[in-house]
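Listed here are the chains, written in short residue letters.
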Number of protein chains: 2
Amino acid sequence: MEFSATLPLSQLPYVYPETPRSNKVYPFWPCKRRSSQPTRLHCNKMYVPGFGEASPEAKAAKNLHNFFTYVAVKIVAAQLESYNPEAYEELIEFLGRHSLNDGDKFCATMFRESSRHKNLALRIMEVRSAYCKNDFEWDNLKRLALKMVTESNTRLMTEYVLETSIESEK
Amino acid sequence: MEFSATLPLSQLPYVYPETPRSNKVYPFWPCKRRSSQPTRLHCNKMYVPGFGEASPEAKAAKNLHNFFTYVAVKIVAAQLESYNPEAYEELIEFLGRHSLNDGDKFCATMFRESSRHKNLALRIMEVRSAYCKNDFEWDNLKRLALKMVTESNTRLMTEYVLETSIESEK
């Protein structure tokens, strides 16, 4: 089947923070690092509003958790495709009816669909656990993200400078 | 203003992989770890289809990159709110007109809006760089994500067992 292991974009997991309104204000500009915060005492980190009781790290972890479920579904679908076409069809059919935005909700629903779906859900849960514990390259993630921010900032500034140089030459 | 440092959910960054169709099939179930892969030779990792030339780590890093831009916008908005209400209003007004889904595109557009917006964009880029290099707790991200997958899997299975136990007692 054409859609096989390819999940539509609407199926991709996405969970980002709700942003409760914060009343905290910080009067410094440019940013002056705070020496104390209500939630992070004696910490030199910048204050990040709007994450409520959680933290940016927790929100990013939740997002990665859904991403791992998405990756696990892709892994399992690819494994099933030729080995067990029937289970593969069932997985794809289920994917067409249920969003992968919330990985846990997806697995919980699949669990209750039928006994065959229950086995699929167990397999997906097993794979996402193994994937994030053993296969996902955490150091590489950090390295790539740090590289990306440096390169993106440089590129954005270079492009702007080039544009304005060309305009001023006209 | 009410929306102040609170960004609407539609503004939250989201970039996940496009999923080019892979023709690779793996005939084993349960998952048999591959001893060799075209892209990861002599590697025992599970095959993850659909990421093309990139990797899941690169896709996750891209997503985090946009998340850091989102966090930087929140940090800068909170800093500006009382110190420089005019710049704050301009930032919020700009946010209302431009999506934060693609952090780089957001910054590039802001760069070209006006000289004041250019300074705002430079500040956001500076903050996202400092945030991901110094403030974001990478070890904590990993710890939370690993904890989340274990706890979620246990919870999902426990809930299912409890449900079926209650049903069988009826």
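Since the model is a prediction, treat every value here as computed from it, not as a measurement. (Residues numbered from 1 in each chain as written. Chains lettered and ligands numbered in written order. Predicted model: local features only at pLDDT ≥ 70, side-chain atom pairs only at ≥ 80, totals over all residues. Heavy atoms only, no water.)

Draft legend 1. Region of interest: the overall build of chain A. A count of helices and strands for chain A gives five helices and zero strands. Ordered by position in the sequence, the α and β elements of chain A form the string α-α-α-α-α. Within chain A, contacts between residues separated by at least 24 positions form 61% of all contacts whose residues are at least 6 apart in sequence. Accessible surface computed for chain A: about 8100 Å², of which carbon and sulfur atoms make up 53%. (Helix = DSSP H or I, 4+ residues; strand = E, 2+ residues; numbered from the N terminus. Contact = heavy atoms within 4.5 Å. Areas by Shrake-Rupley, 256 points an atom, 1.4 Å probe, with all protein chains shown as cover.)

Draft legend 2. Local environment of helix α1 (residues 56-83) of chain A. Over its 28 residues, α1(A) extends 41 Å from the first C-alpha to the last, a length consistent with the 40 Å expected when each residue adds 1.5 Å. In terms of burial, α1(A) is largely enclosed, as 23 of its 28 residues are buried. (Expected span 1.5 Å × (residues − 1). Buried < 20%, exposed > 50% of the residue type's maximum accessible area, 1.4 Å probe, protein only.)

Draft legend 3. Up close: the packing of aromatic side chains. Residue and element names in this part refer to chain A. Considering all chains together, one arrives at 18 aromatic pairs over all chains under this definition. Plain terms: the ring middles of F68 and W138 are 5.8 Å apart, the flat faces sit at 75° to each other, and that makes the pair edge-to-face. In this pair, F68 is assigned in helix α1 and W138 in helix α5 (residues 138-169), connecting sequence segments 70 residues apart. By relative accessible area, F68 is classed as buried at 1%. Ring geometry for F136 versus W138: centroids 4.9 Å apart, planes at 80°, classification edge-to-face. (Phe/Tyr/Trp six-rings, centres within 6.5 Å; stacked < 30°, edge-to-face > 60°.)

Draft legend 4. Molecular detail of the nonpolar core. Residues L141(A) and L141(B) are the most contacted members of the largest nonpolar core, which totals 90 residues. The residues touching L141(B), leaving out its near neighbours within four places in the chain, are E57(A), A60(A), A61(A), L64(A), W138(A), L141(A), L64(B) and F136(B). (Core = buried A, V, L, I, M, F, W, Y, C linked by side-chain atoms within 4.5 Å.)

Draft legend 5. Region of the structure containing the side chain of D104(B). The topology assignment puts D104(B) in helix α3 (residues 103-111). A polar side-chain atom of D104(B) sits 3.1 Å from a polar atom in the side chain of R155(A). Other than its neighbours up to four places away in sequence, D104(B) contacts S152(A), R155(A), L156(A), K62(B), H65(B), N66(B) and R128(B). (Polar contact = N/O pair within 3.5 Å; in protein donor to acceptor, adjacent residues only side chain to side chain.)

Draft legend 6. Region of the structure containing the environment of N153(B). Along the chain, N153(B) falls in helix α5 (residues 138-169). Those residues in contact with N153(B) that sit more than four places away from it in its chain are M125(A), E126(A), R128(A) and S129(A).

Draft legend 7. Spotlight on helix α2 (residues 85-97) of chain B. For α2(B), with 13 residues, the first-to-last C-alpha span of 18 Å sits near the 18 Å given by 1.5 Å per residue. Looking at the buried positions of α2(B), the neighbouring elements they touch are α1 (56-83), α3 and α4 (115-135) of chain B.

Draft legend 8. How the structure looks around the environment of N66(A). By secondary structure assignment, the location of N66(A) is in helix α1. Judged by its relative accessible area of 0%, N66(A) falls in the buried class.

Draft legend 9. Quick peek at the pattern of salt bridges. A full pass over the atoms with the stated rule returns 20 salt bridges over all chains. A salt bridge links E137(B) to K45(A); the shortest N-O distance between them is 2.8 Å. Highlighted residues: E137(B) in the loop between α4 and α5 and K45(A) in the segment before α1, drawn from two different chains. For E137(B), a relative accessible area of 26% corresponds to the partly exposed category. On the basis of relative accessibility, which here comes to 17%, the residue K45(A) falls in the buried class. Between R155(B) and D104(A) there is a salt bridge, and its shortest N-O distance comes to 3.1 Å. With R155(B) in helix α5 and D104(A) in helix α3 (residues 103-111), this residue pair bridges two chains. Linked by salt bridges that have partners in common, D104(A), R128(A), R155(B) and E159(B) make up one network. (Salt bridge = Lys/Arg side-chain N within 4 Å of Asp/Glu carboxyl O.)

Draft legend 10. Quick peek at the packing of α5(A) against α5(B). The N-to-C vectors of α5(A) and α5(B) enclose an angle of 135°; their axes lie 11 Å apart at closest approach. Considered as vectors, α5(A) and α5(B) are oriented oblique to each other. Judged by the sense of rotation from one axis to the other, the crossing of α5(A) with α5(B) is right-handed. Across the interface between the two elements, W138(A), L141(A), K142(A), A145(A) and L146(A) of α5(A) pack against W138(B), L141(B), K142(B), A145(B) and L146(B) of α5(B). Its residues placed into classes, the contact of α5(A) with α5(B) shows eight nonpolar, no polar and two charged. (Axes fitted to C-alpha atoms, helices over the stretch in contact; angles between N-to-C directions. Parallel < 35°, antiparallel > 145°, perpendicular 65-115°, else oblique. Left-handed = near helix turned anticlockwise from the far one by under 90°. Nonpolar A, V, L, I, M, F, W, Y, C, P; charged D, E, K, R; others polar.)

Draft legend 11. Representation of the packing of α3(B) against α4(B) in the model. Residue and element names in this part refer to chain B. In the contact formed by α3 and α4, the axes pass within 7 Å of each other and the chain directions differ by 150°. Comparing the axis directions of α3 and α4 gives the class roughly antiparallel. Facing α3, whose interface residues are G103, D104, F106, C107, M110 and F111, α4 presents H117, K118, L120, A121, L122, I124, M125 and R128. For the contact of α3 with α4, a count of residues per class yields nine nonpolar, two polar and three charged.

Draft legend 12. Region of interest: the confidence of the model for chain A. Residue and element names in this part refer to chain A. When pLDDT is averaged along chain A, the result is 80; 75% of the residues meet or exceed 70. Per-element mean pLDDT across chain A ranges from 92 in α5 up to 96 in α3. The low-confidence segment residues 8-38, where pLDDT is below 50, has 107 contacts with residues more than four positions distant or belonging to other chains. Both scores are available for the predicted complex, with the pTM at 0.76 and the ipTM at 0.75. (pLDDT = per-residue confidence, 0-100.)

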